[in-house]
Amino acid sequence: RIGEMGVLIKDGEMVFNPSLLNDEEILDKQQNFEYISVQGETNNIELSKNQIGFTFCQVPIVYSFNKEQKIKIIFNNGQEKLMNTNALNKEDSQKIFKRTGDIKLIEVNF
């Protein structure tokens, strides 16, 4: 299922490519996304039209479908990292794989 969501691991990096994602899964209206965090807490994210949410290693990932290609990583310490790419570097990918709790949310725009 993760492959269908477009998450691939290449050379230790998470790559996002939702080409297999079924268009019917993309939201056509606002919806609440509930998930369990790495810390074991229940959290909610309000998703909007043209978004979809899921978790990978208990880190929420929100896809937004618009005209931009970028990734924003929101860290638990409040810092943010913005990248014009479709992949996370090895360091940030490892934080997710190891469930360090450092990353709060990943927003991916296509």
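Caption draft 1: Seen up close, the packing of aromatic side chains. What the rule picks out here adds up to seven aromatic pairs. Aromatic side chains Phe16 and Tyr63 sit 6.2 Å apart centroid to centroid with 85° between the ring planes, which places their arrangement in the edge-to-face category. One end of the pair, Phe16, is in strand β2 (residues 13–16); the other, Tyr63, is in strand β6 (residues 59–64), and 47 residues separate them in sequence. Aromatic side chains Tyr63 and Phe110 sit 4.9 Å apart centroid to centroid with 90° between the ring planes, which places their arrangement in the edge-to-face category.

Caption draft 2: Structural detail: the pattern of salt bridges. Counting across every chain of the model gives six salt bridges. Between Glu68 and Lys70 there is a salt bridge, with the nearest N and O atoms lying 3.7 Å from each other. Glu68 sits in the partly exposed class, given a relative accessible area of 43%. Look at Lys70 and you get partly exposed, because its relative accessible area is 21%. Lys95 serves as the salt-bridge partner of Glu91, at 3.8 Å between the closest nitrogen and oxygen. Residue Glu91 and its partner Lys95 are located together in helix α1 (residues 90–97), separated by four residues, close to a single helical turn. Since its relative accessible area comes to 53%, Glu91 is described here as exposed. Counted as one network, the salt bridges with shared partners bring together Lys81, Glu91, Asp92 and Lys95.

Caption draft 3: How the structure looks around the sheet that holds strand β8 (residues 80–83). With mixed pairing, five strands are arranged side by side in an open sheet as β5-β6-β9-β7-β8. Edge strands, defined here as strands with exactly one partner in the open sheet, are β5 (51–56) and β8. This sheet shows a mean twist of 15° between the axes of neighbouring strands, independent of strand direction. Pairing between strand β7 (residues 70–75) and β8: four bridges, direction antiparallel. Each bridged residue has a counterpart across the sheet, and for Ile71 the counterpart in β8 is Met83. The strands touched by α1 within the sheet are β5, β6, β7, β8 and β9 (103–109), with β9 carrying the most contacts at an inclination of about 125°.

Caption draft 4: Summary view of the nonpolar core. With 22 residues, the main nonpolar core has Phe16, Ile61, Tyr63, Leu88 and Ile106 as its most contacted residues. Of all elements in the fold, only β2, β5, β6, β7 and β9 reach the threshold of two or more residues within this core. Setting aside its immediate chain neighbours within four residues, Phe16 contacts Gly6, Val7, Ile61, Tyr63, Ile71, Asn86, Leu88, Ile106, Val108 and Phe110. Among the nonpolar cores identified, the runner-up in size contains eight residues, and Phe33, Leu47, Val62 and Leu105 belong to it.

Caption draft 5: Summary view of α1. Every buried residue of α1 is accounted for by Asp92, Ser93 and Ile96. Viewed along the axis of α1, the buried residues span an arc of 100°, placing them on a single side of the element. The N-cap of α1, judged by a side-chain oxygen 3.2 Å from the amide nitrogen of Glu91 a few residues on, is Asn89. Positive backbone phi, approximately 55°, marks Arg99, located one or two places after α1.

The rules behind each value
Residues numbered from 1 in each chain as written. Predicted model: local features only at pLDDT ≥ 70, side-chain atom pairs only at ≥ 80, totals over all residues. Heavy atoms only, no water. Phe/Tyr/Trp six-rings, centres within 6.5 Å; stacked < 30°, edge-to-face > 60°. Helix = DSSP H or I, 4+ residues; strand = E, 2+ residues; numbered from the N terminus. Salt bridge = Lys/Arg side-chain N within 4 Å of Asp/Glu carboxyl O. Buried < 20%, exposed > 50% of the residue type's maximum accessible area, 1.4 Å probe, protein only. Pairing = 2+ DSSP bridges. Axes fitted to C-alpha atoms, helices over the stretch in contact; angles between N-to-C directions. Contact = heavy atoms within 4.5 Å. Core = buried A, V, L, I, M, F, W, Y, C linked by side-chain atoms within 4.5 Å. Arc of directions from axis to C-beta. Polar contact = N/O pair within 3.5 Å; in protein donor to acceptor, adjacent residues only side chain to side chain.

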